[in-house]
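# Summary of the model geometry
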Amino acid sequence: MAPRSRDTDTDTEAVRSSGMGGDHGGGSADSDIRAASGIAANANANANANADVDAHAQPRQRIIEAAAGLLAREGRDAVTTRAVAVAAGVQPPAIYRMFGDKGGLLDAVAEYGFARFLATKHVDPDPPDLIEDLRGGWDLAVEFGLANPALFTLMYSEPTRPASAAFRTGLEILMGRIRRLAAGGWLRVDEELAAMLIHATARGAVLTWLSLPEDRRNPALLTTLRESMVAAVTNREPAVRDAGPAGAARALRAALPEQTVLSGAEQHLLREWLDRVASDG
């Protein structure tokens with residue numbers, strides 16, 4: 001995978017530092033617009049740079065990289081077994097032996113996309129600001145989608161596709177981020193629902209942006225969706241400081257896996273009680 005350009009790194013940092021000026025902090029609307037516009041402008045260049053084929057890679061990897069390159073440059077229809085074979089320097093029967101058919105090849109390219117996205121993630125086990133950590137993860141997902149539009153669309157075009165190992169690892173990273181929010185009393189919804197909201201808004205932001213004509217792509221779409229997600233998922237202040245039991249129940253439930261005092265059966269029973277208390281808030 002080719003390294004990301006310095007311009008893209010600057011765009012990422014700008015987006016991560018952006019906000020709508022709410023209670024959780026953030027920057028100006030002008031910086032949001034400049035950041036989002038910069039990411040969109042660099043999308044095609046980054047996609048092509050990242051899709052170069054490594055001539056020294058193993059045949060399977062060369063085929064996947066060749067297919068990803070065709071996908072980025074010419075779109076999904078260009079990913080034919082003959083074109084991929086030429087680009088990868090192999091015979092077409094080799095693709096059928098390794099992937100079964102074109103569908104199998106596209107599944108492998110989607111897995112390649114999830115692995116590439118996973119490689120961009122930085123995990124801070126103890127971030128100084130949990131809300132900014134949430135924003136940063138969301139921004140990173142959106143930036144990846146805008147920089148790799150055809151690959152991102154392929155990755156999420158088959159909702160019933162079995163989850164890949166890279167996707168599951170990425171989900172574990174997200175759930176870790178959500179658990180830290182819950183343990184700190186910041187989470188206002190169930191952890192599973194929080195994950196769904198974060199995924200849905202990030203995917204929706206990218207796919208909606210890509211579906212629009214360039215002259216209708218308003219950068220405010222990205223930051224508005226992000227801040228809507230933050231408002232839906234988190235509290236303005238840590239809920240454990242409040243008198244209500246729901247926030248405290250979520251915080252205690254998030255910390256349960258780390259304790260060793262209770263037996264497995266006792267943990268199960270306590271989690272069931274906490275689920276009921278948390279859902280009442």
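Summary of the structure given here. (Residues numbered from 1 in each chain as written. Predicted model: local features only at pLDDT ≥ 70, side-chain atom pairs only at ≥ 80, totals over all residues. Heavy atoms only, no water.)

### Section: the layout of surface pockets
Approximately 640 Å³ is the volume found for the largest pocket. Every element with two or more residues in the lining of the largest pocket is listed here: helix 1 (6–16), helix 6 (102–120), helix 7 (130–147), helix 8 (149–155), helix 9 (165–183) and helix 10 (191–211). The element that contributes the greatest number of residues to the lining of the largest pocket is helix 7, accounting for 9 residues. (1 Å grid on protein atoms, 1.4 Å probe; cavity = no way out; pocket = protein on both sides within 12 Å on 5 of 7 lines; lining within 4 Å. Points joined across faces, edges and corners; volume = space filled by probe spheres on them. Helix = DSSP H or I, 4+ residues; strand = E, 2+ residues; numbered from the N terminus.)

### Description of the packing of aromatic side chains
Any aromatic ring pair is given by two values, namely how distant the centres are and how the planes are angled relative to each other. Tallied over the entire structure, the rule returns 4 aromatic pairs. For the ring pair Phe114 and Tyr156, a centre distance of 5.6 Å and an interplane angle of 90° mean the geometry is edge-to-face. Pair noted here: Phe114 is in helix 6 and Tyr156 is in the loop between helix 8 and helix 9, with a separation of 42 residues, a long-range link. There is no split in this pair, since Phe114 and Tyr156 are both buried. Ring centres 5.2 Å apart and planes at 45° place the aromatic pair Phe117 and Phe144 in the tilted group. Linking Phe117 in helix 6 with Phe144 in helix 7, this pair joins segments that are 27 residues apart in sequence. Take Phe144: its relative accessible area is 6%, and that puts it in the buried class. Chaining the aromatic ring pairs together yields one cluster made of Phe114, Phe152, Tyr156 and Phe167. (Phe/Tyr/Trp six-rings, centres within 6.5 Å; stacked < 30°, edge-to-face > 60°. Buried < 20%, exposed > 50% of the residue type's maximum accessible area, 1.4 Å probe, protein only.)

### Side note on the packing of helix 3 (residues 59–74) against helix 6
Contact pair helix 3 / helix 6: the axes reach a minimum separation of 9 Å and the direction vectors enclose 85°. Judged by the inter-axis angle, helix 3 sits roughly perpendicular to helix 6. The residues of helix 6 that touch helix 3, namely those facing Arg60, Gln61, Ile63, Ile64, Glu65, Ala67, Ala68 and Leu71, are Leu105, Ala108, Val109 and Tyr112. The class makeup of the residues in the contact of helix 3 with helix 6 is 9 nonpolar, 1 polar and 2 charged. (Axes fitted to C-alpha atoms, helices over the stretch in contact; angles between N-to-C directions. Parallel < 35°, antiparallel > 145°, perpendicular 65-115°, else oblique. Contact = heavy atoms within 4.5 Å. Nonpolar A, V, L, I, M, F, W, Y, C, P; charged D, E, K, R; others polar.)

### What about helix 7?
Over its 18 residues, helix 7 extends 26 Å from the first C-alpha to the last, a length consistent with the 26 Å expected when each residue adds 1.5 Å. Extensive coverage of helix 7 is indicated by the burial of 16 of its 18 residues. Of the residues flanking the start of helix 7, the one acting as N-cap is Asp129, its side-chain oxygen 3.0 Å from the backbone nitrogen of Ile131. (Expected span 1.5 Å × (residues − 1). Polar contact = N/O pair within 3.5 Å; in protein donor to acceptor, adjacent residues only side chain to side chain.)

### Points about the pattern of salt bridges
Within the structure shown, the criterion is met by 7 salt bridges. A salt bridge links Glu191 to Arg179, with the shortest nitrogen-to-oxygen separation between them at 3.9 Å. With Glu191 in helix 10 and Arg179 in helix 9, this pair connects stretches of sequence that are 12 residues apart. Assessed through its relative accessible area of 37%, Arg179 is described here as partly exposed. Here the salt bridges do not stand alone but share partners, grouping Glu132, Arg135, Asp139, Arg226 and Glu227 into one network. (Salt bridge = Lys/Arg side-chain N within 4 Å of Asp/Glu carboxyl O.)

### Structural notes on the environment of Glu143
In this fold, Glu143 is placed in helix 7. On a C-alpha basis, the gap between Glu143 and Val206 in space is 8.4 Å, while along the polypeptide they are 63 residues apart.

By themselves, these observations are geometric and do not establish any function.
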